[in-house]
Amino acid sequence: MTSDKARRRTAVFSVHASKPDDIGAIEVVFDNQGAAEEFAADRSKDPGVLSASVTRYLMGELGTRRPISWFVDGVEQPRRFDRHPYPTDGSDGPPTGPSTPQQRSRTPRPEA
């Protein structure tokens, strides 16, 4: 049986698909980053899906959620730190939120 300490250090990778009129939720969880990214890339090509993202968590450890990657039409999108990590429309438009890291850290964001 796995110890509590080992279980807490286990990374898992969730995939979330964004759709025009549906905020959605986590669709599937993987124990392998490559498999999660492959699934997200494929899922982002489905009709009605604007983008799919991969997020990393450590089991049993609060505050370990980290964005890993996001895809539009099967193509991984660049990480940009002047906007939210997972825009849903694939646009390269200007950020709509605060422009400095300190301002962004004070802006409440809903948990996915």
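These numbers come from a predicted model, not from an experiment.

> Even after reading the chapter, I still don't get the environment of Gly 60, so can you show me in this structure?
With respect to the helices and strands, Gly 60 occurs in the loop between strand S3 (51-58) and strand S4 (66-72). C-alpha of Gly 60 to C-alpha of Ala 11: the two residues are 49 residues apart in sequence and 9.8 Å apart in space.

> I'm lost on the pairing of S3 in this one. Help?
When a strand is regular, its side chains alternate between the sheet's two faces. Buried residues dominate S3, accounting for 6 of its 8 residues. As defined by bridge partners, strand S1 (residues 11-18) adjoins S3 across 8 bridges and the pair is classed as antiparallel. Each residue of the ladder has a partner; that of Phe 13, found in S3, is Arg 56. Relative to S4, S3 runs antiparallel, the two being bridged by 5 bridges. From the neighbouring strand, Ala 52 faces S4, where its bridge partner is Phe 71.

> Would you mind showing me how to read the confidence of the model for the protein chain here?
Low pLDDT means the predicted atomic positions in that stretch should not be read closely. Averaged over every residue, the pLDDT of the protein chain is 78; the share at 70 or more is 63%. In the model of the protein chain, helix H3 (residues 101-106) stands out as the element of lowest mean pLDDT, 40, in contrast to helix H2 (residues 33-43), which has the highest, 98.

> In this structure, what is going on with the pattern of salt bridges? I would like to understand it.
A side chain with one charge can pair with a side chain of the opposite charge if their charged atoms come near. Enumeration according to the criterion identifies 5 salt bridges in this entry. Residue Glu 27 pairs with Lys 19 through a salt bridge whose shortest N-O separation is 3.9 Å. Look at Glu 27 and you get partly exposed, because its relative accessible area is 34%. On the accessibility criterion, Lys 19 (28% relative accessible area) is partly exposed. We note a salt bridge from Arg 43 to Asp 46, for which the minimum N-O separation is 2.8 Å. On the basis of relative accessible area, Asp 46 is assigned to the partly exposed category, the value being 31%. Within this structure, Lys 19, Glu 27, Arg 43 and Asp 46 form a network of salt bridges that share partners.

Rules used in this analysis
Residue positions are counted from 1 within each chain, in the order its sequence is given. This being a predicted model, a pLDDT of at least 70 is required before a residue's local features are given, and a value of 80 or more before pairs of side-chain atoms are given or counted; all residues contribute to the totals for chains, interfaces and linings. No hydrogens and no water enter the side-chain calculation; it runs on all heavy atoms of the structure. Think of it this way: any DSSP run of H or I at least four residues long counts as a helix, any run of E at least two long counts as a strand, and we number them from the N terminus. Only protein chains enter the accessibility calculation, which uses a 1.4 Å probe. A residue is then buried if its area is under 20% of the maximum for its type, exposed if over 50%, and partly exposed in between. Two strands pair under a simple rule: DSSP has to find at least two bridges between them. Every residue gets a pLDDT, meaning the predictor's confidence in that residue, from 0 to 100. A side-chain nitrogen of Lys or Arg and a carboxyl oxygen of Asp or Glu constitute a salt bridge if their distance falls within 4 Å.

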